[in-house]
Structures are given as structure tokens and as C-alpha cells.
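Read off the chains here:
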Amino acid sequence: MANYLTFDINGVEPEFGAPDADRVLAGEPEFKTWNLEEADGGVYSGIWEASPGKWRIVYDEWEYFSVLSGYSIVTEDGGDAVHLQAGDRMILRPGFKGTWEVVETTRKDYVIRL
């Protein structure tokens, strides 16, 4: 087994999901997630895609991501909206509370640490 991982989703079956109904603020967003790594210590990585909509998010985990395509707006409660497009990167820290709005179907790669 190699000690590296590429973010190649060819042949990886996505998991399908959606935000909990009580968190949805607009639209009918749906998710596809290609989990590529579940490492010891609660580290996860993969590719995530969401269709348009807006929902509440609450983070207990730490996440770094890079937007691969689409357009989203992430807004922390009481903070300014952050507009995200391909090439933009962000870290969401534990305790983050706010909204995620997908304006155009958005795909990102991510690394999460619980």
C-alpha cells in the first residue's frame, strides 16, 4: 500500500445525503460525498458536492476545504458573507455556526479532523 492518496474519485461510489430538514432555509439541497480516506485519529478526506439551497451549519470538527467548482456563500452568525468560487480555500473551526448557501452546484475537496 502506498503512503499517499490522490483525490481520484473514478470507481468510488458516492454517498447521497441532505441537510436535516429542520436546518434547511431555502431550496432542496442534496449532497454527494466521495469519502477517500478515514484515517486513525478521526481524520477524513474526500470530495463533496451540493446542489443549490441554503441551510444552517454547526461545526464541532475542524475542516479545511478547497472549492473545485461552483459558487457558494458561507456566513458565520453575526459575521460577513464569504463568497466562494473555484480556487477559494477556507478553514472552518470547531464552534463555527452560520449558514451555507449553494448558489451554483458546488464541489470541494476536504480534510476533516474530529
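Residues numbered from 1 in each chain as written. Predicted model: local features only at pLDDT ≥ 70, side-chain atom pairs only at ≥ 80, totals over all residues. Heavy atoms only, no water.

- The name an unreviewed UniProt entry gives the chain is Conserved protein, with Rhizobium favelukesii as the organism.

Quick look at the overall build of the chain
Stage number 1. Per the secondary structure count, the chain includes zero helices and nine strands.
Stage number 2. In the chain, the succession of helices and strands from N to C terminus is β-β-β-β-β-β-β-β-β.
Stage number 3. Whereas a compact globule of 114 residues would reach a radius of gyration of roughly 13 Å, the chain reaches 14 Å, a difference of no more than 12%.
Stage number 4. Along the first, second and third principal axes, the C-alpha set of the chain runs to 45 × 30 × 25 Å. (Helix = DSSP H or I, 4+ residues; strand = E, 2+ residues; numbered from the N terminus. Rg over C-alpha atoms; globule rule 2.2 N^0.38 Å.)

Quick notes on the environment of Tyr59
Stage number 1. Within the secondary structure layout, Tyr59 lies in the loop between β5 (53-58) and β6 (62-76).
Stage number 2. Separated by 23 residues in the primary sequence, Tyr59 and Val82 place their C-alpha atoms 16 Å from one another.
Stage number 3. Residue contacts for Tyr59: discarding those within four places in its chain leaves Leu92, Arg93, Pro94, Gly95, Phe96 and Lys108.
Stage number 4. Here the side chain of Tyr59 touches Glu63 through a polar contact of 2.7 Å, side chain to side chain. (Contact = heavy atoms within 4.5 Å. Polar contact = N/O pair within 3.5 Å; in protein donor to acceptor, adjacent residues only side chain to side chain.)

Description of the nonpolar core
Stage number 1. Counting 17 residues, the largest nonpolar core has Trp48, Trp55, Ile57, Phe65, Val74, Leu92 and Trp100 as its most contacted members.
Stage number 2. Of all elements in the fold, only β4 (43-50), β5, β6, β8 (89-92) and β9 (97-113) reach the threshold of two or more residues within this core.
Stage number 3. If you tally residues by element for this core, the top one is β9, at four residues.
Stage number 4. Residues in contact with Ile57, not counting those within four places in the same chain, are Arg23, Val74, Leu92, Phe96, Lys97, Gly98, Thr99 and Trp100. (Core = buried A, V, L, I, M, F, W, Y, C linked by side-chain atoms within 4.5 Å. Buried < 20%, exposed > 50% of the residue type's maximum accessible area, 1.4 Å probe, protein only.)

Structural notes on the packing of aromatic side chains
For any pair of aromatic rings, geometry is given as the distance between the ring centres together with the angle between the planes.
Stage number 1. Inspection of every chain in the model, using the stated rule, returns six aromatic pairs.
Stage number 2. Arranged with centres 5.4 Å apart and planes meeting at 75°, the rings of Trp48 and Trp100 form a pair that is edge-to-face. With Trp48 in strand β4 and Trp100 in strand β9, the pair connects residues that are 52 residues apart, well separated along the chain. A single burial state applies to Trp48 and to Trp100, both of which are buried.
Stage number 3. It is Lys108 that lies over the ring of Trp48; its NZ or CZ is 4.6 Å from the centre. (Phe/Tyr/Trp six-rings, centres within 6.5 Å; stacked < 30°, edge-to-face > 60°. Lys NZ or Arg CZ within 6 Å of the ring centre and 35° of its normal.)

Thoughts on the UniProt feature "domain: (S)-ureidoglycine aminohydrolase cupin" (unreviewed entry) in the chain
Stage number 1. Mapped onto this numbering, the UniProt entry annotates "domain: (S)-ureidoglycine aminohydrolase cupin" (unreviewed entry) at residues 38-110.
Stage number 2. For residues 38-110, helix accounts for 0% and strand for 74%, while the C-alpha atoms at its two ends are 12 Å apart. (UniProt positions renumbered as here; feature names shortened; annotations may be inferred.)

Some points on the pattern of salt bridges
Stage number 1. Counted according to the given criterion, the structure contains four salt bridges.
Stage number 2. The partner of Glu49 in a salt bridge is Lys32, with the nearest N and O atoms 3.9 Å apart. In this pair, Glu49 sits in strand β4 while Lys32 sits in strand β3 (residues 31-39), placing the two residues 17 residues apart along the sequence.
Stage number 3. The buried category is assigned to Glu49, whose relative accessible area is 16%.
Stage number 4. Residue Arg56 is joined to Asp77 by a salt bridge in which the shortest nitrogen-to-oxygen separation is 2.9 Å. (Salt bridge = Lys/Arg side-chain N within 4 Å of Asp/Glu carboxyl O.)

Let's talk about the side chain of Ser45
Stage number 1. The topology assignment puts Ser45 in strand β4.
Stage number 2. The buried category is assigned to Ser45, whose relative accessible area is 7%.
Stage number 3. Sequence-distant contacts of Ser45, that is, excluding residues within four places in its chain, are made with Leu5, Phe7, Trp34, Asn35, Leu36, Glu37, Tyr110 and Val111.

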